[in-house]
Amino acid sequence: ADVALYQAKAAGRGSYRFFEAETNLRMQVRHSLEHDLHRALDEGALELHYQPLVAVPDRQILGFEALLRWRHPERGMIMPQTFIPLAEAAGLIVPIGDWAIRTACAELASLPGRPKLSVNVSPLQLTARFPASVAAALKAAGLEPARLELEITETAMLRETEATLTVLHGLRNLGVGIAMDDFGTGFSSLSALKRFPFTRVKIDQVFVRNLGEVPESASLLRAIVELCKVLRMATTTEGIETEEQFAAVAASGSTEAQGYLFGRPMPIRQATLLLERDDLRPTGRKL
Ligand code: C2E
Ligand code: MG
Ligand code: MG
Ligand code: MG
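Residues numbered from 1 in each chain as written. Chains lettered and ligands numbered in written order. Predicted model: local features only at pLDDT ≥ 70, side-chain atom pairs only at ≥ 80, totals over all residues. Heavy atoms only, no water.

> Any chance you could break down the packing of aromatic side chains for me, citing the residues and the numbers?
This model, assessed by the stated rule, comprises three aromatic pairs. Pairing Phe246 with Phe262 gives two aromatic rings, centres 5.2 Å apart and planes at 75°, and the pair type is edge-to-face. Taken together, the residues span a long stretch of sequence, with Phe246 in helix H10 (residues 243-252) and Phe262 in the loop between strand S9 (256-257) and helix H11 (268-277) at a distance of 16 residues. Take Phe246 and Phe262: they sit in the same class, and that class is buried. Looking at Arg264, its charged tip hangs above the ring of Tyr260, at a distance of 3.8 Å from the centre. (Phe/Tyr/Trp six-rings, centres within 6.5 Å; stacked < 30°, edge-to-face > 60°. Helix = DSSP H or I, 4+ residues; strand = E, 2+ residues; numbered from the N terminus. Buried < 20%, exposed > 50% of the residue type's maximum accessible area, 1.4 Å probe, protein only. Lys NZ or Arg CZ within 6 Å of the ring centre and 35° of its normal.)

Structure below.
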């Protein structure tokens, strides 16, 4: 219906009007989504999918990253890159983020084999009350703090303020890990990493995508992993889709990997089955 309206408005008009119609429509969609998002939590329309994190090179499942999905009654599945920015702008990221941590801890605590759990966190969630809220979620689920890691994307929003550092140290004092997500896409340098109490760096997919395309990319990946080791931070390499990429990641010395090659984000029931079978090793070969 939106597309039809858009085409009707655009028909027979000059490019300026065309642009204006599109802008209005996008604003309408944005406002209506923002309106719907207010109710999504209460109506149980948000859910978490879980993507495996595997050991390199043996592919044993170490844990899962929880990724939000919004099952919209009319628009179908909406991905986080669409609604997380809306939630941040609408002041909804704190309740949604709290829900995600509570739910992920509860759902994961019941899985066999004590897998670890990663949950994404917006810099806007890093308020003074955040560590207490994380502690409450862990306690309610009966999950050991060391099994939880919080991922924060490097963005302009993550400022090195006294307040932010206090919150991050509060989380570390609980025993929770903190990862810098999507490393390499923002503007922070590896030396900037040292100023935050990160325990892990998640190397962005772009480095893996460049393997085989950009000649020096394998050396670059190796150098990042090496520097993280010097800074005593673990690494996870994201976005592995092929065996060739996996071989390059193994050669880089990174000890954890994530990507469609091992599994896409999946509902908790499927993640449970995967853990029970633990069949990510190629052709059932036990290593
Ligand atoms: P992220 O934390 O970097 O998560 C990894 C994203 O890469 C996920 O997209 C995942 O599905 C995708 N991915 C994983 N492996 C591959 C691969 O091999 N190839 C390709 N092409 N993609 C892969 P998703 O689920 O759409 O999430 C996008 C982003 O939304 C996340 O990036 C994260 O920044 C944000 N997000 C997701 N859940 C939450 C949440 O609960 N809270 C907050 N604040 N942000 C969230
Ligand atoms: Mg993440
Ligand atoms: Mg990432
Ligand atoms: Mg990302």
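> Describe the coordination of the magnesium ion (ligand 2), with residues and values.
Those protein atoms acting as donors to the magnesium ion (ligand 2) are Glu65 (OE), Asn120 (OD1), Glu151 (OE) and Asp181 (OD), and they sit at 2.0 to 2.2 Å. Taken in chain order, the donor set of the magnesium ion (ligand 2) reads E-x54-N-x30-E-x29-D. Distance-wise, the magnesium ion (ligand 3) is placed 4.1 Å from the magnesium ion (ligand 2), both being coordinated by Asp181. Of the two residues, Asn120 sits in strand S4 (residues 116-121) while Glu151 sits in strand S5 (residues 148-153), which places them 31 residues apart along the sequence. (Donors = N, O, S within 2.8 Å, 3.2 Å for Na, K, Ca; no water.)

> Please provide a residue-by-residue account of the packing of helix H9 (residues 217-230) against H10, values included.
At a minimum axis distance of 9 Å, the contact between H9 and H10 shows a crossing angle of 40°. It follows from the interaxial angle that H9 and H10 lie oblique. Seen along the crossing, H9 lies across H10 with a hand that is right-handed. In this structure, H9 uses Leu221, Arg222 and Val225 to contact H10, whose residues at the interface are Ala248, Val249, Ala251 and Ser252. Looking at the contact of H9 with H10 residue by residue, the class counts come to five nonpolar, one polar and one charged. (Axes fitted to C-alpha atoms, helices over the stretch in contact; angles between N-to-C directions. Parallel < 35°, antiparallel > 145°, perpendicular 65-115°, else oblique. Left-handed = near helix turned anticlockwise from the far one by under 90°. Contact = heavy atoms within 4.5 Å. Nonpolar A, V, L, I, M, F, W, Y, C, P; charged D, E, K, R; others polar.)

> Mind laying out helix H3 (residues 80-89), listing which residues take part and the relevant values?
Within H3, burial applies to Phe83, Leu86 and Ala87. Mapping the buried residues of H3 onto a view down its axis gives an arc of 100°, with all of them on the same face. Opposite the buried face of H3, at more than 90 degrees from it, the exposed residues are Gln81 and Ala89. One or two steps after H3, the chain reaches Gly91, where phi turns positive at roughly 75°. (Arc of directions from axis to C-beta.)

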